[in-house]
Amino acid sequence: MLNPKLKLNPKIFNADCEQVPIRKGFGEGLLRAGELDKNVVALCADLTESTQMIFFKEKFPERFVEIGVAEQNLATVASGMAAMGKISFISSYAMFSPGRNWEQIRTTIAYNDRKVVVVGSHGGISVGADGGTHQALEDIALMRVIPNMDVVSPCDSIEAKKATLALGTSKRPAYLRLARDKTPIITTEETPFALGKAEIYWLPEVGLAQVGIIATGSLMHRALLAAKELESGEESQRIKTKVMNLSGIKPIDKNAIITLARETKRIVTVEEHQVAGGMGSAVAEILAQNFPVPIEFIGVQDKFGQSGTPDELVEHYGMGVQFVKEAVKKVLGRK
Amino acid sequence: MLLTEEKIKELEIKANEIRKSIIEMLLVAGSGHTAGPLGMADIFTLFYFHILKLDPKKPDWEERDRLVLSNGHICPVLYATMAHAGYFPLEELKTLRKFGTRLQGHPHREYLPYLETSSGPLGLGLSQATGMALADRMDGKDKDRFIYCFMSDGEHDEGNTWEAIMLAGKNKLRNLIAVVDRNNIQIDGFTENIMPLEPLVDKWRAFNWHVVEVGGHDFRTLNEAVEEAQAIYEKPTVIISHNIPGKGVHEFERDYKWHGKPPNKEEAKMALHELRTLGGKIRSEHQ
């Protein structure tokens, strides 16, 4: 069942569940962050509308900088502004920022410890029709390996807004990973959110869970659907799971992950990212050292994407509900 | 700012001291760059002892001018100048590139907080300086201080440099002044053989910058160039300074082989002798 303490969206499994792009929450959060602190500035590389920076730009044109199609400059100019006390948000498609400008982010933002939030608006395969050049499947790995750099991957638009506001007041450089396509609203304004704190969104009504599913970002809803389906049907076939929303990939909620693994002894990770180096790898690093258990990884298996609808692509690359369910069954059979 | 004959003499002596420090620290370090630091010694001296609004006793003074060193590999001249200006003891220069030092092989502001930025990877300084100048303009502080960026000619090969030049030109950042160390050398050879930059003046002008050309070793004309840059109101200014790499040590001058290596013991001895006698102008080596 959905964790009743977290005040999640009661319509989450309904056909009429509202769907909003995760990036929209960033746009709203940035506007609010700008209202709360006059030091918040926004820089964009010719994608103001699709990255949703447009709300901020319209309200605070004097605090908005149009960089042009120049992502290396986007990162470095933002670092310079942060050096003068600004809280700089930079946005582009994740493939270009942090894809194109990784070294600039490492040297001038993280190495310098400057308050810049790198916002990658089109993370994952669900970018869709634009095709493989525009589908960032490596961005979480690229960012989480950099010292000083926090990484957050919200599961819906409401969480994205909260994450944006939290990152606007934290002192550290950060990467905020967003998705382009509309996805179901999972949380509510009342759902708790704190940087680096993971929450269990789904849990068995009674007894212990047999498998722990850890999901991040836009696949969270599919992870919850899989959990619900696994607990329905014939009683003898039912599998009890817990589903964790791991939006905070760095800092990571180590204790919550170990606690989950202790209970379930088996883990499935779910993310719209290469299996190598992403959130699943971060989970594996923790469990290998602290509480080794069998893990199955849902994600892209060392492949580039292609054009298609988000649903087609998620299925083709093995990240749909059925794949999550199969991974749960597979990990249950492992010793 | 007015530069008197007396002050020029003072700066000449100071620059010579800084050059000696550069040779001494590179010898102890056993690695590092020689030509660039010697070539920029006069400009660093002019800025730290005449131009910049700064207070070495209060390095984080909010109202200070900002100086971004983009080509971090010439940091021996930055460290030596800062030490001579009183930011830290001269003795510390001997720790250059050693384990635990504040004077990292390329500058890192986590280790030496007096730095405006870390640097080393080329092509990143001008855009950070552009960001600083933009922030100051947003805050209405662009009339109170200048943002300077020292950069190399070789790093014009980097696309990021031109992205910054375009953006600063677009935004007419009058509070931004770049100083290009036009010494014509980079690691693999002469710039015009590796990747021709000329006509460099025309290129900057085409990107809506005001351009001043100057020789890099005459304090009077250098000071005039900075005064002109400060007076330009509608554009950012670049001072393209024609510098002699290795300046001050005849053996090292104009030879790209000295770009990325330190002097050995014999070479350092020769260099220090030349600097102590000001190229033979002074007979006694006693200081």
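Rules and cut-offs
Residues numbered from 1 in each chain as written. Chains lettered and ligands numbered in written order. Predicted model: local features only at pLDDT ≥ 70, side-chain atom pairs only at ≥ 80, totals over all residues. Core = buried A, V, L, I, M, F, W, Y, C linked by C-beta atoms within 7 Å. Buried ≥ 20, exposed ≤ 12 C-beta atoms within 10 Å, placed from the backbone. Helix = DSSP H or I, 4+ residues; strand = E, 2+ residues; numbered from the N terminus. Domains from an automatic or database assignment. Contact = placed C-beta atoms within 7 Å. Pairing = 2+ DSSP bridges. Right-handed = clockwise from strand over helix to strand, strands pointing away. Nonpolar A, V, L, I, M, F, W, Y, C, P; charged D, E, K, R; others polar. UniProt positions renumbered as here; feature names shortened; annotations may be inferred. Axes fitted to C-alpha atoms, helices over the stretch in contact; angles between N-to-C directions.

Moving on, we come to the nonpolar core. A:L43, A:L176, A:I213, A:A223, A:V268, A:V324 and B:I239 are the most contacted members of the largest nonpolar core, which totals 189 residues. When residues of this core are assigned to their parent elements, the largest contribution, ten residues, is made by helix α2 (residues 35-51) of chain B. The residue makeup of this core includes at least three contributed by each of domain 1 (4-16 + 193-333) and domain 2 (19-184) of chain A. Setting aside anything within four residues of it in sequence, one finds A:L176 in contact with A:F26, A:V117, A:V119, A:V152, A:A163, A:T164 and A:L167.

Residues and elements named next belong to chain A. Cis geometry is found at the peptide bond from S97 to P98, where omega equals 25°. With an omega dihedral of -5°, the bond running from K250 to P251 counts as a cis peptide bond. Mapped onto the elements, P251 comes out in the loop between β12 (248-250) and α8 (254-264). Despite not being glycine, D46 has its phi angle at roughly 65°, a positive value. Here D46 lies in the loop between β2 (40-44) and α2 (54-59). On the basis of neighbour count, D46 is assigned to the partly exposed category, with 16 C-beta atoms found within 10 Å. Backbone geometry at Q52 places phi at a positive 70°, although glycine is not the residue there. Relative to the assigned elements, Q52 resides in the loop between β2 and α2.

The next point concerns the pairing of strand β7 (residues 174-177) of chain A. Residues and elements named next belong to chain A. The alternating pattern of β7 places A174 and L176 on one face and Y175 and R177 on the opposite face, and all of these are buried. Both strand β5 (residues 116-120) and β7 contribute to a ladder of four bridges, which runs parallel. Each residue of the ladder has a partner; that of V119, found in β7, is L176. In terms of strand pairing, strand β6 (residues 150-152) meets β7 through three bridges, oriented parallel. Across the sheet, V151 pairs through a bridge with Y175, a residue of β7. For the handedness criterion, the β-α-β arrangement of β6, helix α6 (residues 157-169) and β7 is classed as right-handed.

For the rest of this paragraph, the subject is the interface of chain A and chain B. Listed by partner, the interface residues are 23 residues for chain A and 23 residues for chain B. Taken together, the elements giving at least two residues each to the side of chain A that touches chain B come down to α3 (71-83) and α4 (102-110) of chain A. Top contributing element to the side of chain A that touches chain B by residue count: α3(A), with nine residues. Counted by class, the side of chain A that touches chain B contains nine nonpolar, nine polar and five charged residues.

Turning to the environment of A:G120, a few remarks are in order. Residues and elements named next belong to chain A. In this fold, G120 is placed in strand β5. Separated by 28 residues in sequence, G120 and S92 place their C-alpha atoms 5.7 Å apart. Aside from chain neighbours lying at most four places away, what touches G120 is Y93, A94, S97, P98, A136, D139, Y175, R177 and L178.

With that settled, the discussion passes to the UniProt feature "domain: Transketolase-like pyrimidine-binding" (unreviewed entry) in chain A. Those residues carrying the UniProt feature "domain: Transketolase-like pyrimidine-binding" (unreviewed entry) are residues 20-185 of chain A in this numbering. Spanning residues 20-185 of chain A, this segment combines 37% helix with 19% strand, and its end C-alpha atoms are found 7 Å apart.

So, on to the domain arrangement of chain A. Residue and element names in this part refer to chain A. Taken as a whole, chain A is organised into domain 1 (4-16 + 193-333) and domain 2 (19-184). A straight line from the C-alpha centre of domain 1 to that of domain 2 covers 25 Å. In this assembly, 33 residues from domain 1 lie in contact with 32 residues from domain 2. Only α7 (220-230), β12, β13 (267-274), α9 (279-290) and α10 (310-316) provide two or more residues apiece to the side of domain 1 that touches domain 2. For the side of domain 1 that touches domain 2, the per-class residue count stands at 15 nonpolar, 16 polar and two charged.

With that settled, consider the sheet that holds strand β6 (residues 210-215) of chain B. Residue and element names in this part refer to chain B. What the five strands build is an open sheet, ordered β1-β2-β3-β7-β6; its pairing is parallel. In this open sheet, the two edge strands, each paired with only one partner strand, are β1 (66-69) and β6. Neighbour-to-neighbour, the strand axes of this sheet turn through a mean angle of 20°, independent of strand direction. Summarising the sheet, β1 and strand β2 (residues 147-152) pair through four bridges and their orientation is parallel. Its bridge partner lying in β2, V68 is registered against C149.

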